[in-house]
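Chain by chain, the residues run as shown.
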Amino acid sequence: MAYKILKKEEIAPSIHKMVIEAPDVAKAAKAGQFIILRLNEFGERIPLTIFDFEKEKGTISVIFQEMGKTTKQLTKLSAGESLEDFVGPLGTPADIRNLGNVILVGGGVGVAPIYPLAKAYTKAGNRVISIIGARSKDLLILEDQMRKVSSKLFIATDDGSKGHHGFVTDIMKKILDSGEKVARIVIIGPPIMMKVGAGVASPYDVEILVSLNSIMVDGTGMCGGCRVTIDGKTKFTCVDGPEFNARKVDFVELIDRLATYRGEETKAAEKYEEECRCGLH
Amino acid sequence: MQEINEEKTENAKKELTPMSEQPADERRKNFNEVTLGYTKEDALVEASRCLACKEPNCVEGCPVNVDIPGFIKLICKEDFAGAIEKIKDTNALPAICGRICPQETQCEAFCVLGKKGQPVAIGRLERFCADFDNKKGGKRPEVTKSTEKRVAVVGSGPAGLTTAADLAKMGYRVTIFESLHKAGGVLSYGIPEFRLPKKIVQQEIEYIRQLGVEFKTNYIIGRIKTLDELYDEFDAVFLGTGAGLPNFMGIPGENFSGVYSANEFLTRVNLMKAYDPAYDTMIRRGKHVVVVGGGNVAMDAARSALRLGADEVSIVYRRGEDEMPARREEIAHAKEEGIIFRLLTNPVRILGDEKFNVKAVECIKMELREPDISGRRSSVPVEGSEFTIPADVVVIAIGTSPNPIIFKGSEGLEQNQKGTVVADEETGATSKFGVFAGGDVVTGAATVISAMGAGKKAAKAICEYFKGK
Ligand SMILES: Cc1cc2nc3c(=O)[nH]c(=O)nc-3n(C[C@H](O)[C@H](O)[C@H](O)COP(=O)(O)OP(=O)(O)OC[C@H]3O[C@@H](n4cnc5c(N)ncnc54)[C@H](O)[C@@H]3O)c2cc1C
Ligand SMILES: Cc1cc2nc3c(=O)[nH]c(=O)nc-3n(C[C@H](O)[C@H](O)[C@H](O)COP(=O)(O)OP(=O)(O)OC[C@H]3O[C@@H](n4cnc5c(N)ncnc54)[C@H](O)[C@@H]3O)c2cc1C
Ligand code: SF4
Ligand code: SF4
Ligand code: FES
């Protein structure tokens, strides 16, 4: 069975959105879940968060950033072509309830997984304060969509080209300092950003959740490759997560484990780009 | 009492016919199949050793009761097509069973010839017939859909495949749901190419497809649909979801980069073909590899690591060789290939470097105790005997528990403490009316043939269930 790509667009430099036909997955999808796809028989299985889903149309949207070989290859595909494998929805759905005030913090391509959460939290009756950021203005994604599903939207860029000049976590801290009662914070982005964000929010009386992105193979609890340490205990991100209590996460281990294949990944990407230049792809 | 033809016993060759294999120093560098199978001549010689016992013990030893003297007699008559048909009457996957059944504890363990000399090489003969048949392209099965009853089979391992094949032959409409991108269960993702070529697995699956079974891969029950939803949609459900959740030891350092569960390591190697440069799959190719465990899984991981280019691979096992649960042939093959066996040794800690990469395994020597009431010998650590083995890859192969996702969002399915599904031994019936289960999900990690045996019984029981409805 093949999974057809219905739409593809570059929404920011090196960041792409893709709409894929996968009716069974769309029917079952919930906010906070992800899929694993494989381009072809020779490809790796890579996890991507479900950015949006439309049950009636039977489609799933994902947003991905060009990182290594697989995401670069994915970029080369266009509407009408198909993916060999597309499995999901994976992971435990986010725990969405009416909690009152919720802060959602997204950094870089991490804004993509924040969007379905914002939508769901708002629908559940929460007041959603979203804070999104990027290195600079042109790398900022989903501003308009985020505005639609948030009560309030703040923007931060590292270089100050838009919104607050600095980090998303600066804004988060300011809100917490203002004394406004916040029930929950969800932070999604590069592991280092989640680590720093969790550190900043920790002293406050608020629940802090992060969505972890450990290296995965099957996504069904079968390989243990995605294991993380939560409160001193080993958990599997794909079945026990991906959302975890940020205060309990061993971020240092997560970051180190993500580097397991760094050497090979770099080689694979370089070889691929070399072949692209030679016109082999 | 068994009737033995004394004269024939005397004349029969005491030794079984050897099977040719790749020399050890060659095969340790490739993933091609180790054993090469019987030629027609080998098969005829070996088949002639069988006494065609009237009350064959060997059949009792086979969990699916293959008519062993029956098919061997047909080999003697050079009716290989007839022989394979006879085998397939009770065993849907002969090319696989002939290769990887633990014959020494099953059919061959009970062969009368084994009392005085070596038993008939039943597994090798079975494999010969299956391979002969496959080479010819096999016979396309004829099936007629005689009923509208629909059965959902969850999991495409040997248990699910057997249930599906039997039900399809009885005329039912069967759909198999499989969470991975390829069917076959452990046959596809776990057992390596050099022991069970994937082409054979695909051939067997193709045969079952021709029986009219529909395969839905990338389809996780418990995620796309719950078991309860499936139950509403189909007339009966069979669970063959296996025991694929890897156990870890719970010792310090188990999460260092380079420490794998056997499942992850073998999935990357087999399902994702990390050894083939055409594939993008990442794997850490260690120079010094330590594998913890003593079963088939440990042997497979160790021998795969060797083939990926390791200088030294050792197996660390806390009991002695006699206690190892692996097939004897695999232990022998592993030794021939130069795998180091560190027996009566148990890991206590895994050590890493500043970059979180594994660098050594600290172990302790163990001592065997006298057998307990159950006859099993436990082992205890020898105080002060700690030592370290350098390692850049560690693979943990100490067992698995049932895959967890199938149970999500469903009610009323009784499980015991270990997470396995409670099912009737004879029928596979579970606590949920109309839901049957078999294979590793019921027994915990066991064997291919026992999973198939459970699948057979369940198929029969499902048929009875429909008749009674
Ligand atoms: C639950 C989850 C959800 C994710 N959602 C998104 C998303 O919505 N958008 C997005 O752009 N990215 C997402 N990622 C990360 C994405 O999977 C990786 O960027 C991708 O696998 C990189 O593959 P590559 O071959 O292009 O790069 P590689 O060169 O293979 O790797 C680049 C880096 O990506 C990470 N990575 C590699 N392989 C995997 C893997 N199998 N699983 C996880 N991380 C890996 C590693 O840190 C690696 O160093 C998610 C990851 C997880 C675990
Ligand atoms: C490395 C290794 C070597 C082995 N060597 C031997 C040997 O030499 N001889 C021998 O007899 N036995 C051997 N075994 C054991 C044997 O393979 C198993 O006992 C047998 O495969 C069990 O069959 P099964 O059908 O119950 O489950 P499995 O083969 O585990 O198949 C279960 C299938 O169900 C799928 N699944 C799980 N959950 C879901 C879900 N929720 N939705 C959809 N699909 C799902 C899984 O992806 C899997 O494909 C070995 C096992 C391993 C791991
Ligand atoms: S199926 Fe296995 S146990 Fe039965 S006869 Fe064949 S090899 Fe022996
Ligand atoms: S295989 Fe052994 S036990 Fe079985 S019929 Fe032949 S001689 Fe008898
Ligand atoms: S990805 Fe394999 S267990 Fe989580």
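Each value, and the rule that gives it
Residues numbered from 1 in each chain as written. Chains lettered and ligands numbered in written order. Predicted model: local features only at pLDDT ≥ 70, side-chain atom pairs only at ≥ 80, totals over all residues. Heavy atoms only, no water. Helix = DSSP H or I, 4+ residues; strand = E, 2+ residues; numbered from the N terminus. Buried < 20%, exposed > 50% of the residue type's maximum accessible area, 1.4 Å probe, protein only. Contact = heavy atoms within 4.5 Å. Areas by Shrake-Rupley, 256 points an atom, 1.4 Å probe, with all protein chains shown as cover. Lys, Arg positive; Asp, Glu negative; His and termini not counted. Charge placed at Lys NZ, Arg CZ, Asp CG, Glu CD. Rg over C-alpha atoms; globule rule 2.2 N^0.38 Å. Phe/Tyr/Trp six-rings, centres within 6.5 Å; stacked < 30°, edge-to-face > 60°. Lys NZ or Arg CZ within 6 Å of the ring centre and 35° of its normal. Near = heavy atom within 4 Å. Polar contact = N/O pair within 3.5 Å; in protein donor to acceptor, adjacent residues only side chain to side chain. pLDDT = per-residue confidence, 0-100. Nonpolar A, V, L, I, M, F, W, Y, C, P; charged D, E, K, R; others polar. Pairing = 2+ DSSP bridges. Axes fitted to C-alpha atoms, helices over the stretch in contact; angles between N-to-C directions. Buried area = accessible area lost by both parts, 1.4 Å probe. Salt bridge = Lys/Arg side-chain N within 4 Å of Asp/Glu carboxyl O. Parallel < 35°, antiparallel > 145°, perpendicular 65-115°, else oblique. Left-handed = near helix turned anticlockwise from the far one by under 90°. Right-handed = clockwise from strand over helix to strand, strands pointing away.

**Quick look at the overall build of chain A**
Stage number 1. Counting its secondary structure elements, chain A contains nine helices and 17 strands.
Stage number 2. Considering chain A as a whole, with its 281 residues, one finds that 55% of them fall into the buried category.
Stage number 3. Sequence separation of 24 or more characterises 64% of the internal contacts of chain A that already satisfy a separation of 6 or more.
Stage number 4. Only carbon and sulfur atoms are counted for the fraction: they give 52% of the accessible area of chain A, which is about 11,800 Å².
Stage number 5. Computing the positive centroid from 38 side-chain charges and the negative centroid from 37, chain A places the two 4 Å apart.

**Side note on the overall build of chain B**
Stage number 1. From N to C terminus, chain B includes 19 helices and 18 strands.
Stage number 2. A compact globule built from 469 residues would reach a C-alpha radius of gyration of about 23 Å, and chain B, at 23 Å, matches this within 12%.
Stage number 3. Counting only C-alpha atoms, chain B reaches 65 × 60 × 50 Å along its principal axes.
Stage number 4. Sorting the 469 residues of chain B into buried and exposed places 58% on the buried side.
Stage number 5. A sequence separation of at least 24 residues applies to 70% of the contacts in chain B between residues at least 6 apart.
Stage number 6. Summed over all atoms, the accessible surface of chain B reaches about 19,500 Å², with 49% contributed by carbon and sulfur.
Stage number 7. Here chain B contributes 63 positive and 67 negative side-chain charges, whose respective centroids are spaced 2 Å apart.

**Overview of the packing of aromatic side chains**
All names here are of chain B.
Stage number 1. Within the structure shown, the criterion is met by 17 aromatic pairs over all chains.
Stage number 2. A centroid spacing of 6.0 Å and a plane angle of 50° characterise the contact between Phe31 and Phe194, whose relative ring orientation is tilted. Placement of the pair is Phe31 in the loop between helix H2 (24-27) and strand E2 (35-37) and Phe194 in the loop between helix H12 (186-189) and helix H13 (198-210), with a sequence separation of 163 residues. One exposure class covers both Phe31 and Phe194, and it is buried.
Stage number 3. Ring-pair connections join several aromatic residues into one group, and the members of that group are Tyr172, Phe433, Phe436, Tyr465 and Phe466.
Stage number 4. A cation over a ring is seen here: Lys335 above Phe341, with NZ or CZ 5.5 Å from the ring centre.

**Thoughts on the site of ligand 1**
Residue and element names in this part refer to chain A.
Stage number 1. Taken together, 24 residues lie around ligand 1, and Pro47, Ile63, Gly68, Thr71 and Glu265 are the ones closest in.
Stage number 2. Within the side chain of Thr70, an N or O atom sits 3.1 Å from an oxygen atom of ligand 1.
Stage number 3. Considered on its own, ligand 1 offers 850 Å² of accessible surface; in the complex 91% of this is hidden by protein.
Stage number 4. Taken together, the elements giving at least two residues each to the shell around ligand 1 come down to strand E4 (46-49), strand E6 (59-65), helix H2 (69-76) and helix H9 (262-277).
Stage number 5. Among the elements that take part in the shell around ligand 1, E4 stands out by supplying four residues, more than any other.

**Side note on the confidence of the model for chain A**
Stage number 1. Put simply, chain A has an average pLDDT of 91, and 99% of its residues get 70 or more.
Stage number 2. The least confident element of chain A is H9 of chain A, whose mean pLDDT is 80; the most confident is strand E3 (residues 34-38) of chain A, at 96.

**Observations concerning the site of ligand 4**
Stage number 1. Every residue close to ligand 4 is listed here: Cys50, Leu51, Cys53, Pro56, Cys58, Pro69, Cys111, Val112, Val120 and Ile122 of chain B.
Stage number 2. Its residues assigned to classes, the shell around ligand 4 shows ten nonpolar, no polar and no charged.

**Side note on the sheet that holds strand E6 (residues 236-239) of chain B**
Residue and element names in this part refer to chain B.
Stage number 1. Read across the sheet, five strands follow the order E5-E4-E3-E6-E18 without closing on themselves; strand pairing throughout is parallel. A single partner strand is all that each edge strand has here, and the edge strands are strand E5 (214-216) and strand E18 (435-437). On average, adjacent strands in this sheet sit at an angle of 20° to one another, irrespective of strand direction.
Stage number 2. Taken together, the five bridges between strand E3 (residues 150-154) and strand E4 (residues 173-177) define a ladder with parallel strand orientation. Bridged to Val154 within E4 is Phe177.
Stage number 3. Helix H11 (residues 158-169) rests against E3, E4, E5 and E6 of the sheet, and its axis sits at about 165° to E4.
Stage number 4. In this fold helix H19 (residues 448-468) packs onto E3, E6 and E18, with an angle of close to 165° to the strand it touches most, E6.

**With respect to the environment of Asn57 of chain B**
Residues and elements named next belong to chain B.
Stage number 1. On the secondary structure map, Asn57 appears in helix H4 (residues 57-61).
Stage number 2. On the basis of relative accessible area, Asn57 is assigned to the partly exposed category, the value being 28%.
Stage number 3. For the pair Asn57 and Ile398, spaced 341 residues apart in sequence, the C-alpha separation works out to 33 Å.

**Description of the interface of chain A and chain B**
Stage number 1. Between chain A and chain B, the contact holds 45 residues from the first and 40 residues from the second.
Stage number 2. Taken together, the two surfaces of chain A and chain B that pack against each other cover about 3,600 Å², and 52% of this comes from carbon and sulfur.
Stage number 3. Scanning the region where chain A abuts chain B turns up two salt bridges.
Stage number 4. When the shortest N-O distance is used, the salt bridge between Lys182 of chain B and Glu41 of chain A registers 3.4 Å.
Stage number 5. Joining chain A to chain B, the criterion identifies 22 residue pairs in polar contact (both at pLDDT 80 or more).

**Here's the deal with the packing of helix H15 (residues 262-271) of chain B against helix H16 (residues 296-307) of chain B**
All names here are of chain B.
Stage number 1. The geometry of H15 relative to H16 is characterised by a closest axis approach of 10 Å and an angle of 50° between their N-to-C directions. When the axis of H15 is compared with that of H16, the two are oblique. Seen from above, H15 lies across H16 with left-handed handedness. Residues Ala262, Phe265, Leu266 and Val269 of H15 pack against Val297, Asp300, Ala301, Ser304 and Ala305 of H16.
Stage number 2. Partitioned by chemical class, the residues of the contact of H15 with H16 number seven nonpolar, one polar and one charged.

**What about the pairing of strand E9 (residues 101-107) of chain A?**
Residue and element names in this part refer to chain A.
Stage number 1. Counting buried positions along E9 yields seven of seven residues, so the element is predominantly enclosed.
Stage number 2. Of the two faces of E9, both are covered, the one formed by Asn101, Ile103, Val105 and Gly107 as well as the one formed by Val102, Leu104 and Gly106.
Stage number 3. Where E9 and strand E10 (residues 127-134) come together, seven bridges link them in parallel fashion. Note that in E10 the partner of Ile103 across the bridge is Ile129.
Stage number 4. After leaving E9, the chain enters helix H3 (residues 111-123) and then returns to the sheet as E10, a path that is right-handed.
Stage number 5. In this structure, E9 lies alongside strand E13 (residues 184-188), joined through five bridges in parallel fashion. Across the sheet, residue Gly106 finds its bridge partner in E13, namely Ile188.

**Quick look at the side chain of Ser314 of chain B**
Residue and element names in this part refer to chain B.
Stage number 1. Residue position: Ser314 is located in strand E10 (residues 312-316).
Stage number 2. Judged by relative accessible area, which is 0%, Ser314 ranks as buried.
Stage number 3. Here Arg342 takes part through its side chain, which lies 3.2 Å from a polar atom of the side chain of Ser314.
Stage number 4. Apart from residues lying up to four places away in sequence, Ser314 is in contact with Val289, Val290, Val291, Ile340, Arg342 and Ile389.

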